[in-house]
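Observations on the three-dimensional arrangement
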Amino acid sequence: MATVKMLNMAGEEAGSIELKDEIFGIAPNENAVHAVVVNYLANQRQGTQSAKNRGEVRGGGKKPFRQKGTGRHRQGSSTDPSQVGGGVAFAPKPRDYRYSVPKKVKRLAMKSALSSKVAENEIIVLDKLSFEEIKTKEMVKLLDNVKAAKKALIVMAEKDDNVVRSAANIQGVRTALVTTMNVYEIVNYTSFIVTQDAINKIEEVYS
């Protein structure tokens, strides 16, 4: 088992915690991570893009100009994609981009992402995380104390409104729960800040 030091909110060492190798110590599978990240981004697409094809634009009933003698290319309709104001060739239409990935691949990708954070020393474990009131200044101080990167993902076991709202206005910082975190965010954010309780819950969910 990998042993990682724990910090308190002041950035001081507060003991250590052992992480299960089957979750935080596997050899990262880049193919699984890539597949899940692409799937996540595809599922975020609204699919509302639309344009009119040549059969949907107005006009086109009359030949725009005679066949020969004009010095222009021959044309039978003003709705042709080559004409100004004509339809769009292969016009995009509303569609659903969602598709699913096997659960085994999702679990492998999650374990790979978590293991890569440990291997690259980008994981920061806090013994606890709580604020008495909503204070952005206190969250900024905490991030500075633990030497977090500009892009940081804070993962908690249970929702704490004071923590969530204290981080809401800080650019590059996002909060998530163990049940809502995803591979894309873990990979996309440099620092992975997680509480001791969240570590226990992650090991419980993914064991």
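This is a predicted model, so every value here is computed, not measured.

1. Observations concerning the pattern of salt bridges
- Overall, the coordinates contain six salt bridges when judged by the stated rule.
- The shortest N-O distance in the salt bridge between Arg-54 and Asp-80 comes to 3.1 Å. Here Arg-54, found in the loop between helix H2 (30-44) and helix H3 (103-119), pairs with Asp-80, found in the loop between H2 and H3; they are 26 residues apart in sequence, far enough to count as distant.
- Since its relative accessible area comes to 41%, Arg-54 is described here as partly exposed.
- Judged by its relative accessible area of 15%, Asp-80 falls in the buried class.

2. A word on the packing of H2 against H3
- Between H2 and H3, whose axes approach to 8 Å, the crossing angle comes to 110°. Here H2 lies roughly perpendicular to H3, going by the angle between them. Crossing hand, H2 versus H3: left-handed. Contacts between H2 and H3 pair Ala-32, Val-33 and Val-36 from the former with Val-105, Lys-106, Leu-108, Ala-109, Ser-112 and Ala-113 from the latter.
- When the residues that make up the contact of H2 with H3 are grouped by side-chain class, the tally is seven nonpolar, one polar and one charged.

3. Overview of H3
- Look at H3: 24 Å from first C-alpha to last across 17 residues, which is about the 24 Å you get at 1.5 Å a residue.
- Buried residues of H3: Ala-109, Met-110, Lys-111, Ser-112, Ala-113, Leu-114, Ser-115, Ser-116, Lys-117 and Val-118, and no others.
- Immediately beyond the C-terminal end of H3, within one or two residues, lies Asn-121, with a positive phi of roughly 55°.

4. Re the sheet that holds strand S3 (residues 123-126)
- Read across the sheet, six strands follow the order S2-S1-S3-S6-S4-S5 without closing on themselves; strand pairing throughout is mixed. Each of the sheet's edge strands pairs with one partner strand only, and the pair in question is strand S2 (13-19) and strand S5 (173-177). Neighbour to neighbour, the strand axes of the sheet diverge by 30° on average, direction disregarded.
- Direction of pairing for strand S1 (residues 2-7) relative to S2: antiparallel, over a ladder of five bridges. In the strand pairing of S2, Leu-7 is matched with Glu-13.

5. Some words on the nonpolar core
- The biggest cluster of nonpolar side chains holds 33 residues, and the ones touching the most others in it are Phe-24, Leu-114, Ile-123, Met-181, Phe-192, Val-194 and Ile-202.
- For this core, the leading source of residues is H3, giving five residues.
- When residues no more than four places from it in sequence are discounted, the contact partners of Phe-192 are Leu-114, Lys-117, Glu-122, Ile-123, Ile-124, Leu-153, Val-155, Met-181 and Ile-186.
- Core analysis: the second largest hydrophobic core is formed by 18 residues, Leu-7, Phe-131, Leu-143 and Ile-154 among them.

6. A short note on the packing of H3 against helix H7 (residues 196-206)
- It is the contact of H3 with H7, at a shortest axis distance of 12 Å, that shows an interaxial angle of 150°. The orientation of H3 with respect to H7, classified from their angle, is roughly antiparallel. By crossing handedness, the relation of H3 to H7 is classed as left-handed. Contact with H3, carried on its side by Arg-107, Met-110, Lys-111 and Leu-114, involves Ile-202, Val-205 and Tyr-206 of H7 and no other residues of that element.
- Considering only residue class, the contact of H3 with H7 consists of five nonpolar, no polar and two charged.

7. Let's talk about the confidence of the model for the chain
- Summing up the model confidence of the chain, the mean pLDDT is 94 and the portion of residues at 70 or higher is 100%.
- Mean pLDDT values over the elements of the chain span from 90, in S1, up to 97, in H2.

Reading guide: rules and limits
Residue numbers run consecutively from 1 along every chain, following the written order of its sequence. The predicted origin of the model limits local features to residues at a pLDDT of at least 70 and limits the giving and counting of side-chain atom pairs to 80 or more, whereas totals for whole chains, interfaces and linings rest on all residues. The side-chain numbers reported here are obtained from all heavy atoms of the structure, hydrogens and water having been left aside. Salt bridge, as used here, is a side-chain nitrogen of Lys or Arg placed within 4 Å of a carboxyl oxygen of Asp or Glu. Think of it this way: any DSSP run of H or I at least four residues long counts as a helix, any run of E at least two long counts as a strand, and we number them from the N terminus. Think of it in three bands: residues with accessible area under 20% of the maximum for their type are buried, residues over 50% are exposed, and the middle band is partly exposed, with areas taken using a 1.4 Å probe on protein chains only. Axis geometry follows a simple rule: fit a line to the C-alpha atoms, using only the stretch in contact for helices, then measure angles between N-to-C directions, giving values from 0 to 180 degrees. The labels follow the angle: roughly parallel below 35 degrees, roughly antiparallel above 145, roughly perpendicular from 65 to 115, and oblique for the rest. Helix crossings fall into two classes, left-handed where the near helix is turned counterclockwise from the far one by less than a right angle and right-handed where it is turned clockwise. Every residue pair with non-hydrogen atoms within 4.5 Å of one another is taken to be in contact. When residues are grouped by polarity, Ala, Val, Leu, Ile, Met, Phe, Trp, Tyr, Cys and Pro land in nonpolar, Asp, Glu, Lys and Arg in charged, and all others, Gly among them, in polar. One less than the number of residues in a helix, times 1.5 Å, gives the span that helix is expected to have. Pairing between strands is defined by DSSP: at least two bridges between them are needed. Definition used in this section: a nonpolar core is a set of buried Ala, Val, Leu, Ile, Met, Phe, Trp, Tyr and Cys residues joined via side-chain atoms within 4.5 Å. Per residue, pLDDT measures the predictor's confidence, with a range of 0 to 100.

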